Amino acid sequence: MAWDDGLTAYNFGPQHPLAPVRVELTMALARELGVFDAPGVSFADVEPASRELLELVHHPDYITAVERAGRTLEPDDPYCLGTDDNPVFPHMHEAASLITGASVAAARAVWTGQAEHGANVAGGLHHAMPKNAWGFCVYNDPAVAIAWLLEQGAKRVAYVDVDVHHGDGVQTMFYDDPRVLTISLHESPLTLFPGTGRPTEIGGPDAEGYAVNVALPAGTGDAQWLRSFHAIVPQLLREFQPEILVTQHGCDTHALDPLANLMLSMDGQRSIHAALHELAKETAGGRWVLLGGGGYELVQVVPRSWTHLLADAAGVHIDPATATPESWRSLVQRRTGEHAPLSMTDGRTPEHVPFENGFDPDDAVDRAIQATRKAVFPCHGIDPTL
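Residues numbered from 1 in each chain as written. Predicted model: local features only at pLDDT ≥ 70, side-chain atom pairs only at ≥ 80, totals over all residues. Heavy atoms only, no water.

## Digging into the sheet that holds strand β3 (residues 180-187)
Pairing within the open sheet is parallel, and its six strands lie in the order β1-β6-β5-β2-β3-β4. Since the sheet does not close on itself, it has two edges, and those belong to β1 (117-120) and β4 (211-216), each with one partner. Each neighbouring strand pair of the sheet contributes to a mean axis angle of 10 degrees, computed without reference to strand direction. Both strand β2 (residues 157-161) and β3 contribute to a ladder of five bridges, which runs parallel. In the strand pairing of β3, Val160 is matched with Ile183. (Pairing = 2+ DSSP bridges. Helix = DSSP H or I, 4+ residues; strand = E, 2+ residues; numbered from the N terminus. Axes fitted to C-alpha atoms, helices over the stretch in contact; angles between N-to-C directions.)

Now the structure itself:
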């Protein structure tokens, strides 16, 4: 586990939806439920990413602009610094660099064999572009971690992004690199930022089929989301056989999230975490780097979802019916003024009908699945009709 209290310094201000209290509450809930007491769980030292690391994916002029904006607090329009989405704040470079350093530390622990799994729930800032901030993201920590792995000699890195928003920054940075398979399941660009992630975005000329996008219609719930995931992700990972799996676990797919329109439950998200863990074991020898991401229901959703994620990675089973600790509820009240959820479940039992049981052309989700399979499966020698 990559952690430093300074990771909560990535703070765009009190009115911004990306509030660092969500990470604070996650760590507190996981700690009180005994996740960090599990055998084999340890905390890695975290240092800010160096300029050399950041330049693996970001332009030097942009890094300089971030450093400058964090000192002057002046907007810098060409770099999208000082917008409503990406306000400038003091020491912005240092805060964003520390998050990036934590993701690299998680990747390093896994790549060097110090740990089988590495986690940074403060990470997953997947929108940042090579030359500008974007979508609440200053530096793209998943992309830096992946680029670092490639520098170490990794030949096949898979990235699976289950945030409600398209993982556009990571896709952009590896769009023409067949060493990196990027898979993003997200709400359709017709109804949600950033307006990209169509199934026709399949990679550049040298990497066709290595960018995979599943664009799901607004209103998609547990059963349809899981049907989509299992119709596409396992097949591609089994064919690709990554040396390491990097996953981004934005939990803004939840029905309560205020910024998006999917309808997943806490229990559906638990199923996703578990499925990715199993695929890491099956296809990547257990080498798994897991990151946070979006999630703007700060009390009811994010802490519970990411605590389930960390527990799954630690091999700790949290019964969904487990009550949230009274001490944690008191912390929530003090820090947010809100009433905390009483248990670790939404009371759902997510199930799905496998896509292989039959395609329904009248169903919008099935059409989205089929569009993605037809676009990328043949590039990997997989029959999209099976």
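## A word on a negative patch on the surface
On the surface, a cluster of negative charge is made up of Asp4, Asp5, Asp45 and Glu47. Structurally, Asp4 can be placed in the segment before α1 (21-32). (Patch = residues over 30% accessible without salt bridge, like charges linked within 9 Å, V, L, I, M, F, W, Y side chains within 5 Å. Areas by Shrake-Rupley, 256 points an atom, 1.4 Å probe, with all protein chains shown as cover. Salt bridge = Lys/Arg side-chain N within 4 Å of Asp/Glu carboxyl O. Lys, Arg positive; Asp, Glu negative; His and termini not counted. Charge placed at Lys NZ, Arg CZ, Asp CG, Glu CD.)

## A short note on the packing of aromatic side chains
The tally for this structure, following the rule as stated, stands at eleven aromatic pairs. Seen in terms of ring centroids, Tyr62 and Tyr139 are 6.0 Å apart; in terms of plane orientation they differ by 85 degrees. Their pairing is edge-to-face. With a gap of 77 residues between them, Tyr62 in helix α3 (residues 60-72) and Tyr139 in the loop between β1 and α5 (141-151) connect regions that are remote in the sequence. For the pair Phe136 and Tyr296, a centre-to-centre distance of 5.7 Å together with 80 degrees between the ring planes defines the contact as edge-to-face. Of this pair, Phe136 sits in the loop between β1 and α5 while Tyr296 sits in the loop between β6 (288-291) and α9 (302-314), and the two are 160 residues apart along the sequence. Taken individually, Phe136 and Tyr296 each receive the classification buried, so the pair is uniform in this respect. Taken together, the ring pairs connect Tyr10, Phe12 and Phe89 into an aromatic cluster. (Phe/Tyr/Trp six-rings, centres within 6.5 Å; stacked < 30°, edge-to-face > 60°. Buried < 20%, exposed > 50% of the residue type's maximum accessible area, 1.4 Å probe, protein only.)

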